[in-house]
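Remarks on the overall topology
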Protein chains: 4
Amino acid sequence: MKIAVIGAGSTYTPELIKGFIEISKDVSIDEVVLHDVEQSAEKLDIIHQFTKRLVKDLFKVQKTLDIVKAVEGADYVIFQFRVGLLKARENDEHIPLRYDLIGQETTGIGGFACALRTFPVVEKYVQTVDRHSKATVINFTNPSGHVTEFVLNYLGFERFIGLCNIPINLLRMISQISNCEIRDIFLKYYGLNHLTFLEKVFVKDQDVTEILMQKMKLHLANIPSQDFPEWLLDALKLYPNSYLRYYLSQKTMLEKLKREGTRAEKVRQIESQLVELYKTANDIPPELSQRGGSMYSTAAAHLIRDLSQSSGSVHIVNTKNNGAVKNLPSDYVMEIPCLVKANRVFPVTIGEADEFALGLIHIIKMYERLTIKAYLERSKKTAIKAMLLHPLGPNVEEAQQLLEDILMANKGFIDLQ
Amino acid sequence: MKIAVIGAGSTYTPELIKGFIEISKDVSIDEVVLHDVEQSAEKLDIIHQFTKRLVKDLFKVQKTLDIVKAVEGADYVIFQFRVGLLKARENDEHIPLRYDLIGQETTGIGGFACALRTFPVVEKYVQTVDRHSKATVINFTNPSGHVTEFVLNYLGFERFIGLCNIPINLLRMISQISNCEIRDIFLKYYGLNHLTFLEKVFVKDQDVTEILMQKMKLHLANIPSQDFPEWLLDALKLYPNSYLRYYLSQKTMLEKLKREGTRAEKVRQIESQLVELYKTANDIPPELSQRGGSMYSTAAAHLIRDLSQSSGSVHIVNTKNNGAVKNLPSDYVMEIPCLVKANRVFPVTIGEADEFALGLIHIIKMYERLTIKAYLERSKKTAIKAMLLHPLGPNVEEAQQLLEDILMANKGFIDLQ
Amino acid sequence: MKIAVIGAGSTYTPELIKGFIEISKDVSIDEVVLHDVEQSAEKLDIIHQFTKRLVKDLFKVQKTLDIVKAVEGADYVIFQFRVGLLKARENDEHIPLRYDLIGQETTGIGGFACALRTFPVVEKYVQTVDRHSKATVINFTNPSGHVTEFVLNYLGFERFIGLCNIPINLLRMISQISNCEIRDIFLKYYGLNHLTFLEKVFVKDQDVTEILMQKMKLHLANIPSQDFPEWLLDALKLYPNSYLRYYLSQKTMLEKLKREGTRAEKVRQIESQLVELYKTANDIPPELSQRGGSMYSTAAAHLIRDLSQSSGSVHIVNTKNNGAVKNLPSDYVMEIPCLVKANRVFPVTIGEADEFALGLIHIIKMYERLTIKAYLERSKKTAIKAMLLHPLGPNVEEAQQLLEDILMANKGFIDLQ
Amino acid sequence: MKIAVIGAGSTYTPELIKGFIEISKDVSIDEVVLHDVEQSAEKLDIIHQFTKRLVKDLFKVQKTLDIVKAVEGADYVIFQFRVGLLKARENDEHIPLRYDLIGQETTGIGGFACALRTFPVVEKYVQTVDRHSKATVINFTNPSGHVTEFVLNYLGFERFIGLCNIPINLLRMISQISNCEIRDIFLKYYGLNHLTFLEKVFVKDQDVTEILMQKMKLHLANIPSQDFPEWLLDALKLYPNSYLRYYLSQKTMLEKLKREGTRAEKVRQIESQLVELYKTANDIPPELSQRGGSMYSTAAAHLIRDLSQSSGSVHIVNTKNNGAVKNLPSDYVMEIPCLVKANRVFPVTIGEADEFALGLIHIIKMYERLTIKAYLERSKKTAIKAMLLHPLGPNVEEAQQLLEDILMANKGFIDLQ
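To start, this report covers the structure provided alongside it. (Residues numbered from 1 in each chain as written. Chains lettered and ligands numbered in written order. Predicted model: local features only at pLDDT ≥ 70, side-chain atom pairs only at ≥ 80, totals over all residues.)

Topic: unusual backbone geometry
Residue and element names in this part refer to chain C. Of the consecutive residues Asn 142 and Pro 143, the connecting peptide bond is found in the cis state with omega at -10 degrees. Relative to the elements of secondary structure, Pro 143 occurs in the loop between strand 5 (136-139) and helix 6 (144-155). For Asn 322, which is not a glycine, the phi torsion comes out positive at approximately 55 degrees. Position of Asn 322 among the secondary structure elements: in the loop between strand 11 (313-320) and strand 12 (333-341). On the basis of neighbour count, Asn 322 is assigned to the buried category, with 24 C-beta atoms found within 10 Å. (Helix = DSSP H or I, 4+ residues; strand = E, 2+ residues; numbered from the N terminus. Buried ≥ 20, exposed ≤ 12 C-beta atoms within 10 Å, placed from the backbone.)

Description of the interface of chain A and chain D
At the junction of the two partners, chain A supplies 26 residues and chain D supplies 26 residues. A per-element tally of the side of chain A that touches chain D places strand 13 (residues 344-347) of chain A first, with three residues. Class assignment for the residues of the side of chain A that touches chain D results in nine nonpolar, nine polar and eight charged. (Contact = placed C-beta atoms within 7 Å. Nonpolar A, V, L, I, M, F, W, Y, C, P; charged D, E, K, R; others polar.)

Concerning the environment of Glu 22 of chain A
Locating Glu 22 of chain A in the fold gives a position in helix 1 (residues 13-23). The exposure class of Glu 22 of chain A is partly exposed, given the 14 C-beta atoms found within 10 Å.

Digging into the relation of the copies chain A and chain B
Rotating chain A by 180 degrees and translating it 0.0 Å along the rotation axis places it on chain B, where the RMSD comes to 0.0 Å. Given the turn and translation reported, the copies of this chain are related as if by a two-fold rotation axis. Of the interface residues in chain A, 100% have counterparts in chain B that sit at the interface too, so the contact is made through matching surfaces. (Least-squares fit on C-alpha atoms with pLDDT ≥ 70 in both.)

Observations concerning the arrangement of the chains
One finds no contact linking chain A with chain C; the least C-alpha distance across the pair is 15 Å. A gap remains between chain B and chain D, which never touch, and the nearest two C-alpha atoms on either side lie 15 Å apart.

Focus: the relation of the copies chain A and chain D
Here chain A sits on chain D after a turn of 180 degrees about the axis and a move of 0.1 Å along it, with an RMSD of 0.0 Å. When you check the interface residues of chain A against chain D, 100% turn up at the interface there too, and the contact is symmetric in its surfaces.

As for the interface of chain A and chain B
On the side of chain B, 31 residues touch chain A, which itself brings 31 residues to the contact. A per-element tally of the side of chain A that touches chain B places helix 14 (residues 355-377) of chain A first, with 11 residues. Residues that form the side of chain A that touches chain B fall into these classes: 18 nonpolar, six polar and seven charged.

Description of the pairing of strand 1 (residues 2-6) of chain D
Residue and element names in this part refer to chain D. When you tally the buried positions in strand 1, you get five out of five residues, the bulk of the element. The alternating pattern of strand 1 places Lys 2, Ala 4 and Ile 6 on one face and Ile 3 and Val 5 on the opposite face, and all of these are buried. Pairing of strand 1 with strand 2 (residues 31-35), which is carried by five bridges, proceeds in the parallel orientation. Bridging across to strand 2, Lys 2 finds its partner in Glu 31. For the crossover that starts at strand 1, traverses helix 1 (residues 13-23) and ends in the parallel strand 2, the hand is right-handed. In terms of strand pairing, strand 1 meets strand 4 (residues 76-79) through four bridges, oriented parallel. For Val 5, the partnering residue across the bridge sits in strand 4 and is Ile 78. (Pairing = 2+ DSSP bridges. Right-handed = clockwise from strand over helix to strand, strands pointing away.)

Here we look at helix 12 (residues 263-278) of chain C
Residue and element names in this part refer to chain C. In this model, helix 12 (16 residues) spans 22 Å end to end at C-alpha, consistent with the 22 Å of a helix rising 1.5 Å per residue. Of the residues making up helix 12, those classed as buried are Arg 263, Ala 264, Leu 274 and Tyr 278. Summarising the axial view, the buried residues of helix 12 lie within an arc of 85 degrees, below the 170-degree limit, and thus occupy one face. Residues Gln 269 and Ser 272 are exposed on helix 12 and point more than 90 degrees away from its buried face. Residues of helix 12 that are buried make contact with helix 1 (13-23), helix 2 (41-55) and helix 4 (85-98). (Expected span 1.5 Å × (residues − 1). Arc of directions from axis to C-beta.)

Below is the structure:
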């Protein structure tokens, strides 16, 4: 088995390798190839050296700047690159704030700019994977669900699975609260990536939703720490993804973002420090936990393990709905529980979605599709149409100027007429 | 043929009667009954006297305060009442402004309060109509589409048609621009009441959309006068209902509403003046045109004429989608072109809706259903859930207080626990 | 307005011309072009001379053997040709009988052979129409519904309407029984051509189904005369198309067909006699009534009249379901009531189809699609798959030989590998 | 864990018990209760004694004639009763033959009579299970899919799974041919019970359909032995359930049935012999293999094992489609691959069904629903409607007499007006 990691210059990579080491008890890994762009060559080298120390002789770890060599003959390809690196993320977070709009990497107008910058690279890399391998792609590149919608519905490449670390963290939290194994839990959980809703929790066939909802607090990792009020769970009868705060507490979150500065800056500091540590480390330094993305490595490694086996297990991933949520269209890419078995992903049927969830899922999915069309048509007009539809987007009066600001900051990455 | 007008104390009534006079060439009207509540008895009397002068001997015009007598044996019942009268509308418009939210009678949180106040009365009156007649109800009571959703999907009363004056004004505008008859025009027009989209215009089978879009300006009656910029039509490739401004230019509209005061106040002044004029008038005074609701009377009278005939004509009304817009659920009550024939309304199939329209239609329909559930469950929690979903609704931080303000202002009308 | 009639050498043509004369009061017809193939040149000439005597100076009537000249610049094109002429029909009717299978021109294996012979010619003619005109095609060529499925769903040509004389005869029968105008009637009527079901009859909004069902007898023209027993209507709660007999009384019908000989033979005799009469006639001879196809001319002429106008009227035609029958797919071509207005055809929504009807509609539609695929793939295998699915088709043991017999008899027309 | 077996006087029961013994390594079984009706008390006793010898002390085996005691507090209830016993089956097989119709226990008119006789008993037993336990019912009672349609869609009891031994035999055959584990296989397999289609076979993610189709012969157990010709698989591009022969080779099968006599008779002989052997046996006698129903015991035991666990495995069972087959309605009960996990059954999404399969599935599902309605309405008329729709059903001319014959033979069991 060959695994290629695209965007391997990330400080996440060592933990990912640790995940591969863990699953190598169950599946036989031959080779891991680390790939990144020229600009990140130095970081890639440091990380390559570090991972070799971690892996010892369990499997080969190579590095390359050549995307074809990286994916050639691979069985699994992991996308974890960030187009434009942290500089671009900084822009995504800063520009919307000037218009009193949420600046966040995946949600709102920040995510919009990120998506437009990411699509062309994803398109190129997916074509390369398709040409040079039969690999299944596991995607972490943000905005992860939006990218998966693009690949499955517009590029027509089918072996592509969008993954996020939120479901696995949620499952871990529930298994701790309920004192059971993760495999004993089944969730009625659905939505778009970072716009998901947990409606029911079953532990060994018992509906424990009521009990759990009372116990759960909103402390998912990697996101701002202010909690939803408890009465909100009672009103919604849904446990929402913490990214919902950007919609439901827009004003509060906006002030917070303005006050605290962008996340990109902090991440840059943490990353520099981590890279420094990686030069000499022989194991994952505890400082990595500040980086966010908790359990990311476990999610990816376990998914690869179960994809490569026949036994059949359930993972929450981004894929086409295909009737799993009955009152949503079959072609919507959604984050839903799926049976994973022999490199295939089958959504399992979970009934109907709640009205509140439906309203937000539909409007954001339509925003996603308009944004994809804006890229495919290279059209400023359609880009504005997409922004105007987004509940966190601009008003008519400011939309054109905002788009120009985004285009200016992303010269060379986004090309619209 | 007997026609009952519920809420006949409205200053619109005389023009409605003029509409009946016009269609009495084609259909034989025996009797029109004007009904209103005790509180409006004096206005009802003035209007009754005036309409008798208008009608002469063409048909009988009666008045009553008894709803059963009004609808008994009726063939058509027109709902045009306003629960809580202008005082309540004033609250609907004022309260949201305190929270920097759009205060408007049908859209946003104003419409939310109006809906909750209106549902119980609609429920009672619909039951009365059902028990004492085989009449078809034509509804103008606001929020008109929301009320129709409630009646068709939750009360299960089928002979109920939601009507609005916007489509007929749009058709008139197009017929003037295109120099053709209204019946030569077919519109690909769809959406929810006050959230509609015109996508295609056909005149005698020719697609004239491009030409028309260039000519059309947004000057529909009864709404604030500021226009959308021309580039917006090019970006959307849709001609939106002017109420869309509340969504797309939320900040501008909010300032405007704050600056100009509520519409309720102005309407009250116009109404007083009109009632004074009605005491002696022998024909509709020109001052009525300031009242808004242009062509309302024509829309209602022509619909009744065509419902009572077999020939088959097309009207844009609010009814269940039933597959007419292919990518929206069959049970959504929508404002769409329908074949009207022998008291039956058949939506005609018009293909798929645009993504931008879909996004807004879905989220507002889900808001509508949550609001209806809040009424049916008498639940504050569900009411908050509805408000939080609305793109013009409050944030989590202010939702509870806002709901309490609305309940306080609507004591005796809205009863939630 | 130019109308082209393809297959105009048919003895139906003079009556069709009478229909055009009738509607020429309402619409201005400039020119009618009669087209047929070389083989029918003589008949075409006789009919051309006769129709000129009928038309006088009302409009021009031309004849041509050149399909491009015929359709060039036409507004309406009528398809009424029979590929292979009566000789082929005779085979369609005879061959299945050898296998104890129903031999009928549109239903069962006869219709299967007819369809495979007709598709290539329809494909060629539709392309010619598309290239040389903006005409709407009105199709009578059998199997009419199957041909319309092929054109709308597989050729993607949209201006194509399948027509049958059964609905207009049904409406006339009901208007006589109910003593009302046809336009006062609305039918819940649906299905595939020659596989339709009448579920409800409304006259001026009154549901008169019960009364009518008691009165109606199955005496539709152009089909074998033996009636269904009365109890069957009570059991089905549907008034079925008389072609249903081939399904429901298969054994009886088979014996009848064997006993009476093929219809093709009789038609040939009637046609010879008619052509002889046409040589000198100045008006439609009464002998035409034996030919079948009653009211065909009226159906076509009225449809053209109403397509060319804006007023909007209801016709039962074959077009895509588009949600009109809620529990059948949108893309099924069906025979259903449609609003006809300015060259557009909009199915009107009529609710859900009955289980009995659904079962037969689905299986026959799937048979239709497999037959179309057999043509498109030029595949004997798929042709056998189609035949095996048909409830009137062969068993596995005889399917291959039956197909070979059909191919042998249709050499030069059907080409499968 | 308590398991109740209803209809435990069957000679299948000892093998079923062997299955429980096998899974008792993985799950802890406390008690098995064997239930049958008074009439079978003697057989029940013999079988009870025999199973006690088999089980030794692994778990308790009780017997009872009291249905409440049997199901009270049960975790799993197995339905394997035959209403009217073999005498009734004999009628089901004989009567249709008099009309030259297929007489078979589950397919055609035999299955129709069986269904009408079985529904009232299923209704009563399901209510009892619902009242006295939280058990999941596993149904083998024939016609198994039809019974499951009745329970899930018309009784609204959800914990009901229809099971058949054909899928497990198919999987075993494929695992032998492919030399792999059953869990390495994934089938695109769908349809109604005894009307299923295998379209694709994946072994460890490789599409091996082509290779397998060439190797497979139609030798499924429990059904007449004549094979489909090999060219048929190529034409259909589907591997059909062997019960398809009754549809596709109707004449041949009819002759065979007439020639060979009913299966009921043979079964009766085998059963007598087996019961005799059971009196003294200490293990399953080899003669059981003649009884048919091969692997029935394994299918049931493994399903119970996997229902009671959290790990998640795939079984092919009868349940609501729920979007799994995209082009079939969500509420059709179908035989499809499902994820089984903690007493829940989730159909996995497998894409679109083939046209040939669709046609037959739809018509038989509509026949099923009409038959269920006939029972619920106690209506002869609807019963005839159902029979007329069935592709193996009678013609109009004989339908009434056939129904009377069935009612006469099933007096006391079927009550229609």
